[in-house]
Amino acid sequence: MSQVRALWAVGTVLLAAAGASTDRSWAAVRPCIPELGPRQLELGAGQGVMLGVLGGLRTVMADVSWLRSYVLWERKDQAGSEALMRLACTLDPHARYFWEQTGFAVGLDMANWEIRRRGGYAKLPKEIQDHLFTTYARKAIAILDEGARVSRSRAPLLIVAGQLAEMKLKDLRLAAAYYRTAAECDDAPWYAARFSARTLWGAGDRREAYDWFKAHWLSTLRIRYQDKAPDDLAEIRMMEDALLLPLAVRVPRQPWER
């Protein structure tokens, strides 16, 4: 009987989520979610409570929470959308998508919302706008760091953190560090190493950028990729020429290079 009741509960949630009104969907499932204070929305404090209460329904609840957060995001409801996004991350902490999109929303959208609430870009001094972009970017990076510790797919979250550090904080060395950590993950995208090397090079640490990129190509990229990552090697060659390095310290000439 308990299994039947559980199936009915799941069916009710799914039908509600697929209904015409997202507000009615949320109202249907809201009684299933215990009251949470700010501390309980933190991953460390809230995750055990939520998993224990919801059991197998937690991923369904995470999806519904995310759908509701998206509605509030469209309304530019900062507090409501962020709280529900974080709730979805707490309910399904292994989901890369929730962490990644929460990072984007907090780091890219919410500063713009606050600027508009304070009178808009024409009225608000640039230093205050820059401060808001920096504040929200740091907050988003902290969220992405949190997600990278628990998600099954770390590299994409570290890439987003690097992008925020580069674009919003204008901290090229911090961005390069995130890209480097992403490049060293098992699920690293093909471009992560190049991002790290280029960003560190742009920060002025040219020899450090070259030394790491060279070592990473020799130890990882030429082995990981069947084509031996020729575009990365071409980038390394440009660095070697710019640094005027002698042949003895350069990457040995490869048989397939022209």
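This is a predicted model, so every value here is computed, not measured.

Conventions and cut-offs
- Residues numbered from 1 in each chain as written.
- Predicted model: local features only at pLDDT ≥ 70, side-chain atom pairs only at ≥ 80, totals over all residues.
- Heavy atoms only, no water.
- Helix = DSSP H or I, 4+ residues; strand = E, 2+ residues; numbered from the N terminus.
- Buried < 20%, exposed > 50% of the residue type's maximum accessible area, 1.4 Å probe, protein only.
- Areas by Shrake-Rupley, 256 points an atom, 1.4 Å probe, with all protein chains shown as cover.
- Core = buried A, V, L, I, M, F, W, Y, C linked by side-chain atoms within 4.5 Å.
- Contact = heavy atoms within 4.5 Å.
- pLDDT = per-residue confidence, 0-100.
- Phe/Tyr/Trp six-rings, centres within 6.5 Å; stacked < 30°, edge-to-face > 60°.
- Lys NZ or Arg CZ within 6 Å of the ring centre and 35° of its normal.
- Expected span 1.5 Å × (residues − 1).
- Axes fitted to C-alpha atoms, helices over the stretch in contact; angles between N-to-C directions.
- Parallel < 35°, antiparallel > 145°, perpendicular 65-115°, else oblique.
- Left-handed = near helix turned anticlockwise from the far one by under 90°.
- Nonpolar A, V, L, I, M, F, W, Y, C, P; charged D, E, K, R; others polar.
- Polar contact = N/O pair within 3.5 Å; in protein donor to acceptor, adjacent residues only side chain to side chain.

1. Here's the deal with the overall build of the protein
Then, number 1: Across its full length, the protein carries 12 helices and 0 strands.
Then, number 2: Listing every helix and strand of the protein by position from the N terminus yields α-α-α-α-α-α-α-α-α-α-α-α.
Then, number 3: Taking all 258 residues of the protein together, 45% fall into the buried category.
Then, number 4: If you sum the accessible surface of the protein, you get close to 13,900 Å²; carbon and sulfur atoms cover 56% of it.

2. Concerning the nonpolar core
As a rule of thumb, nonpolar side chains are buried together in soluble globular proteins.
Then, number 1: In this structure, F98, I141, F213, W217 and I236 are the most contacted members of the largest nonpolar core, which totals 63 residues.
Then, number 2: Non-local contacts of I236, meaning those with residues more than four positions away in its chain, are made with Y210, F213, K214, W217 and V251.

3. Quick notes on the confidence of the model for the protein
Then, number 1: Mean pLDDT over the protein works out to 84, with 78% of the residues at or above the 70 mark.
Then, number 2: Here residues 14-22 is a poorly scored stretch, pLDDT under 50, and it has 9 contacts once near neighbours within four places are set aside; other chains count.
Then, number 3: Within the model, pLDDT remains below 50 along residues 28-47, and this stretch shows 34 contacts once partners closer than five positions in the same chain are excluded.

4. Remarks on the environment of W212
Then, number 1: Position of W212 relative to the elements: it lies in helix α11 (residues 206-224).
Then, number 2: Remark: the alpha-carbon pair of W212 and A197, spanning 15 residues in sequence, is separated by 7.5 Å.
Then, number 3: Residues within four places of W212 in sequence aside, it is in contact with R180, A183, E184, A193, S196 and A197.

5. Section: the packing of aromatic side chains
Then, number 1: Tallied over the full model, the rule gives 8 aromatic pairs.
Then, number 2: Between W190 and Y191 the ring centres are 5.5 Å apart and the planes differ by 90°, which places this aromatic pair in the edge-to-face class.
Then, number 3: Here the aromatic rings of Y191 and F195 are separated by 5.0 Å at their centres, their planes lie at 45°, and the arrangement is tilted.
Then, number 4: A relative accessible area of 29% places F195 in the partly exposed class.
Then, number 5: Through successive ring pairs, a cluster of aromatic residues spans Y179, W190, Y191 and F195.
Then, number 6: Across from the ring centre of F133, 4.5 Å away, lies the NZ or CZ of K168, which sits over that ring.

6. A look at helix α12 (residues 230-243)
Then, number 1: Its 14 residues place the ends of α12 20 Å apart at the C-alpha level, agreeing with the 20 Å of an ideal helix rising 1.5 Å per residue.
Then, number 2: Buried residues belonging to α12 abut α10 (192-202) and α11.
Then, number 3: Looking one or two places after α12, you find L244, whose phi comes out positive at around 55°.

7. Some remarks on the packing of α10 against α12
Then, number 1: Axis separation between α10 and α12 bottoms out at 11 Å; the angle between their running directions is 20°. Between α10 and α12, the angle falls in the class roughly parallel. Of the two possible hands of crossing, α10 and α12 adopt the one that is left-handed. Along its contact with α10, which presents R194, A197, R198 and W201, the element α12 presents D231, D232, E235, M239, A242 and L243.
Then, number 2: Among the residues forming the contact of α10 with α12, the class breakdown is 5 nonpolar, no polar and 5 charged.

8. Description of the side chain of R194
Then, number 1: With respect to the secondary-structure elements, R194 resides in helix α10.
Then, number 2: Residue classification places R194 among the buried positions, given a relative accessible area of 12%.
Then, number 3: Within the local environment of R194, its side chain forms a polar contact with the side chain of D232, the two groups lying 3.4 Å apart.
Then, number 4: Each residue touching R194, except ones within four places of it in the same chain, is listed here: F213, D231, D232 and E235.

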